[in-house]
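# Tertiary structure, described
This is what each chain is made of:
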Amino acid sequence: MFRTGRTTVSASWELLGTWYVDVEDAPTPEAADQLVCDMARQLAEATGRQALHYRITD
């Protein structure tokens, strides 16, 4: 878990090869998407494997 401004981001391993990321109190849905997109890019760079993100809303 980490915070950036008022936004809290937490990530957890759910299924083999699948991460669940929760973004709370982002200023906009687009800002939340950008945070997760940046995380996916960094994971891909670190692992050498493609990382994709899908938005799931409640």
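Remember, it's a predicted structure, so these values are computed and weren't measured experimentally. (Residues numbered from 1 in each chain as written. Predicted model: local features only at pLDDT ≥ 70, side-chain atom pairs only at ≥ 80, totals over all residues. Heavy atoms only, no water.)

What follows is about the layout of surface pockets. There is about 1,000 Å³ of room inside the largest pocket. As for the largest pocket, its lining consists of 29 residues, and the residues nearest its centre are Trp19, Val21, Val36, His53 and Tyr54. Those elements that place two or more of their residues in the lining of the largest pocket are strand E2 (7-15), strand E3 (18-24) and helix H1 (29-47). The dominant element in the lining of the largest pocket, judged by the number of residues it contributes, is H1, at 8 residues. Across the lining of the largest pocket, the residue classes tally to 17 nonpolar, 7 polar and 5 charged. (1 Å grid on protein atoms, 1.4 Å probe; cavity = no way out; pocket = protein on both sides within 12 Å on 5 of 7 lines; lining within 4 Å. Points joined across faces, edges and corners; volume = space filled by probe spheres on them. Helix = DSSP H or I, 4+ residues; strand = E, 2+ residues; numbered from the N terminus. Nonpolar A, V, L, I, M, F, W, Y, C, P; charged D, E, K, R; others polar.)

What follows deals with the pattern of salt bridges. Counted by the stated rule, this structure contains 1 salt bridge. Residues Arg41 and Glu45 are paired through a salt bridge, measuring 3.2 Å at the closest nitrogen-oxygen approach. Of the two residues, Arg41 and Glu45 are both situated in helix H1; the distance of 4 residues between them amounts to about one turn of the helix. Judged by its relative accessible area of 56%, Glu45 is exposed. (Salt bridge = Lys/Arg side-chain N within 4 Å of Asp/Glu carboxyl O. Buried < 20%, exposed > 50% of the residue type's maximum accessible area, 1.4 Å probe, protein only.)

Attention shifts here to the pairing of E2. Summarising the sheet, strand E1 (residues 2-4) and E2 pair through 3 bridges and their orientation is antiparallel. Note that in E2 the partner of Thr4 across the bridge is Thr7. In this antiparallel pair of consecutive strands, E1 and E2, the connection spans 2 residues, and Gly5 shows a positive phi of 65°. In this antiparallel pair of consecutive strands, E2 and E3, the connection spans 2 residues, and Gly17 shows a positive phi of 80°. (Pairing = 2+ DSSP bridges.)

By secondary structure assignment, the location of Thr8 is in strand E2. A relative accessible area of 13% means that Thr8 is categorised as buried. Considering only alpha carbons, one finds Thr8 and Asp22, 14 residues apart in sequence, at a separation of 8.0 Å.

Moving on, we come to unusual backbone geometry. Unusually for a residue other than glycine, Asp25 sits at a positive phi of about 65°. Tracing the backbone through its elements, the reader meets Asp25 in the loop between E3 and H1. We classify Asp25 as exposed; its relative accessible area is 54%.

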